[in-house]
Amino acid sequence: MMNITPSLATLTTLFHYGSVTLITVLSGLGVGLGQGISSYSAFKSIDRQPAAQPEISKTLVLALAIIETSAIISLIFTMILFFRTPTDFYSSFAQLGIALALGIPGFVIGIAAGLPAYAALKSISRQPFFSRKIMNAMLLTQSVIQTPVIFGFLVSMIIFYQLGNVVNMADALRLIASGLCIGVGAIGPAIGLGWFTYKSAQAIGINKDIYGQILSFTLISQAIIETPVIFSAIISLWISRIAILPTSSIMPGIVCLAAAIVMGIGTFAPGISSGFTAASAVNQIAYKPNLYGILAKTSMITQGLIDTCAIYTFIIALSLIIIGL
Amino acid sequence: MGGLDLFAHDMWYPLSFLGFTHQFFGLNSGTIINTWIVLAALTLVSLIARYFLYYPGSIGGYLVKNIIISFQDLITQSLGKFVYKYFAFITSLFVFIISCNWIGVLPLVEEPTKDLNTTLALGIMSFLYIQKEAIFKHGPINYIKDFFEPIFLMLPLNILGELATIVSISFRLFGNIFGGSIIMSIFEQAIGDSWIWNTVTTISGINIIIMVFFVLFEGFLQAFVFSILSLTNLTMAVYEEPGEHLI
């Protein structure tokens, strides 16, 4: 008979290398899909408008470079983690927090950043003489989309500097919760952002005359859609600053985990529905430019009301942390 | 391990002789010095811009005028008309934040916006200004009445929604600039003292590319987002009649 009960040393190694690979695999998968989407669109656009080939290629290269941001950030962390020797089980287990904080946002943001590139390249084939401004709008929107990855990076940096102090299960769970909160919290807003920027890049292709208004509306709406990510980042940073005694039981760790799950899942619906609201507004703006004022205002008020749900979960998560501990 | 605390600041307690040694009364000396450096740089830039404006045909004068005109257009587009005090407020917010974000390119100087206190102060300032404008525009009674819309029970939610704008606007700026500066410092550490890496990255332009993206581009973008969000909140607060050309 073979003994299949894993020893503690095996588990330590498993979690160490598991988290290292999870970061790269997840963000690489998302970035690869996003780049695939945009390259596919580039070939279709060249097929439709062969004369615009130089502009389309130039835009494609820049788009791919920005989509790659999350992969590069994850690569930095993979290298940092790879050269860290796992010392004990708990700190190795807590590395999963870094994997969640970088891997999940890397995956969703990689795909989400590909969608505006897809629509922008298609728009260039529609309006070849307007390619410069379409490209500028695409670069701005894509860079604003990267915000969750930067927050994930920040949280993982803070987790990384605390790995050496982890001595018990509660502390390890706390660090995992910190990563889980920003990781899961990025999913819903990323879906919303991807769909909205797709529609807004399409809208510039439909009606180039109101480029200025669409661009400012896009930036404002993106900022509003991203608000739930900021709330989960605040909860994440808050959890990562909690001090847990070496002698404490597992309970504080579970409270942190609960707060992280509340906040993470709470951003799901606000992010998605806020993005879809703004997407239909920007589509209407492209067809009825004279109604810009009323459409934009209605969309922003609705998005503000939708974000209130994220504020409720934020309050619940905060009270879990403050009262529960 | 565990040595570097990312939130550590050099603290200075000016009121300690009175017994106020709580963290609340401390000042982050590094942030204050950096902010003064930003203000000095801004003064220098505005003096240079003023010098250019005396020569109507110069390239510098053309650039300065173009920047001002683009801001005028932004205000006119958003508010439907040009209001000088709003233009002055939004433009100075933008100019101050962008110089705070870009001052990190100078050696030994760090971005003041890397500190949460600066961004929170900016957010609270913009919030208070907007509330003041709303009160002056609609009168105190209408202003308070707005909080009871659409029904009485919505009062706490409306107040929370207003306060949440401060949090979201200031944490957005803080998180992006802080993340960018950490990426830059990791890059510097990775190059380290090795002269081979220093030469290779300098000659190939990797240094410049990383700095342009994470400091200049990101800094510009976040400053723009901050000021345009303040402008939108302002527009929502001071609009006159529903259905008019608002945004």
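Relevant structure appears above.
Just so you know, these numbers come straight off a predicted model, no measurement behind them.

So, how was this worked out
- Residues numbered from 1 in each chain as written.
- Chains lettered and ligands numbered in written order.
- Predicted model: local features only at pLDDT ≥ 70, side-chain atom pairs only at ≥ 80, totals over all residues.
- Heavy atoms only, no water.
- Helix = DSSP H or I, 4+ residues; strand = E, 2+ residues; numbered from the N terminus.
- Buried < 20%, exposed > 50% of the residue type's maximum accessible area, 1.4 Å probe, protein only.
- Contact = heavy atoms within 4.5 Å.
- Areas by Shrake-Rupley, 256 points an atom, 1.4 Å probe, with all protein chains shown as cover.
- Axes fitted to C-alpha atoms, helices over the stretch in contact; angles between N-to-C directions.
- Parallel < 35°, antiparallel > 145°, perpendicular 65-115°, else oblique.
- Nonpolar A, V, L, I, M, F, W, Y, C, P; charged D, E, K, R; others polar.
- Buried area = accessible area lost by both parts, 1.4 Å probe.
- Salt bridge = Lys/Arg side-chain N within 4 Å of Asp/Glu carboxyl O.
- Polar contact = N/O pair within 3.5 Å; in protein donor to acceptor, adjacent residues only side chain to side chain.

**Q** Where do I start with the overall build of chain B in this structure?
**A** Secondary structure assignment for chain B yields eight helices and two strands. When the helices and strands of chain B are listed from N to C terminus, the series reads β-β-α-α-α-α-α-α-α-α. Seen through its principal axes, chain B has C-alpha atoms that stretch 65 × 60 × 35 Å. Counting only residues that meet the buried cut, chain B has 40% of its 247 residues in that class. A separation of at least 24 residues holds for 65% of the contacts in chain B among residues at least 6 apart in sequence. Just so you have it, chain B exposes about 14,200 Å², and 71% of that area is on carbon and sulfur atoms.

**Q** Hey, could you run me through the packing of helix H4 (residues 89-126) of chain A against helix H6 (residues 147-162) of chain A in this one?
**A** When two helices pack together, their arrangement is given by the angle between the helix axes and by the axis-to-axis distance. All names here are of chain A. Direction vectors running N to C along H4 and H6 enclose 170 degrees, while the axes themselves pass 9 Å from each other. With respect to their mutual orientation, H4 and H6 come out roughly antiparallel. Contacts from Ala94, Gly97, Ile98, Ala101, Leu102, Pro105 and Ile109 of H4 reach H6 at Pro148, Val149, Gly152, Phe153, Val155, Ser156, Ile159 and Phe160. Taken together, the residues that form the contact of H4 with H6 break down as 12 nonpolar, three polar and no charged.

**Q** Is there a simple way to explain the environment of B:Gly175 in this structure?
**A** Along the chain, B:Gly175 falls in helix H6 (residues 155-191). Given the relative accessible area of 1%, B:Gly175 is considered buried. Considering only alpha carbons, one finds B:Gly175 and B:Thr119, 56 residues apart in sequence, at a separation of 9.9 Å. In this structure, B:Gly175 is in contact with A:Ile150, A:Phe151 and A:Leu154, ignoring residues within four places of it in sequence.

**Q** How should I be thinking about the interface of chain A and chain B in this particular structure?
**A** A common measure of how large an interface is: the accessible area buried when the components associate. With 44 residues of chain A at the interface, the matching set in chain B holds 38 residues. In terms of surface lost to chain B, no three residues of chain A exceed A:Ile150, A:Tyr161 and A:Lys297, which account for 16% of the buried area on that side. Scanning the region where chain A abuts chain B turns up zero salt bridges. If you look at where chain A meets chain B, you find one residue pair in polar contact (both at pLDDT 80 or more). For the side of chain A that touches chain B, the secondary structure elements donating two or more residues are helix H3 (69-82), helix H5 (131-145), H6, helix H9 (211-240) and helix H12 (292-324) of chain A. If one sorts the elements of the side of chain A that touches chain B by residue count, H9(A) sits on top with 13 residues. The residue inventory of the side of chain A that touches chain B, partitioned by class, reads 31 nonpolar, 10 polar and three charged.

**Q** Explanation requested: the pattern of salt bridges in the structure shown.
**A** Where side chains of opposite charge bring their charged atoms close, a pairing between them can arise. One pass over the structure, following the stated rule, counts five salt bridges over all chains. The partner of A:Asp171 in a salt bridge is A:Arg174, with the nearest N and O atoms 2.9 Å apart. Taken together, the residues span about one helical turn, with A:Asp171 and A:Arg174 both in helix H7 (residues 169-185) at a distance of three residues. According to the relative accessible area criterion, A:Asp171 is buried, its value standing at 6%. For A:Arg174, a relative accessible area of 5% corresponds to the buried category. Put simply, B:Lys114 and B:Glu110 hold a salt bridge, and the shortest N to O gap is 3.3 Å. The structure contains a network of salt bridges with shared partners spanning B:Lys85, B:Lys132 and B:Glu133.

Honestly, it's all geometry; don't read function into it.
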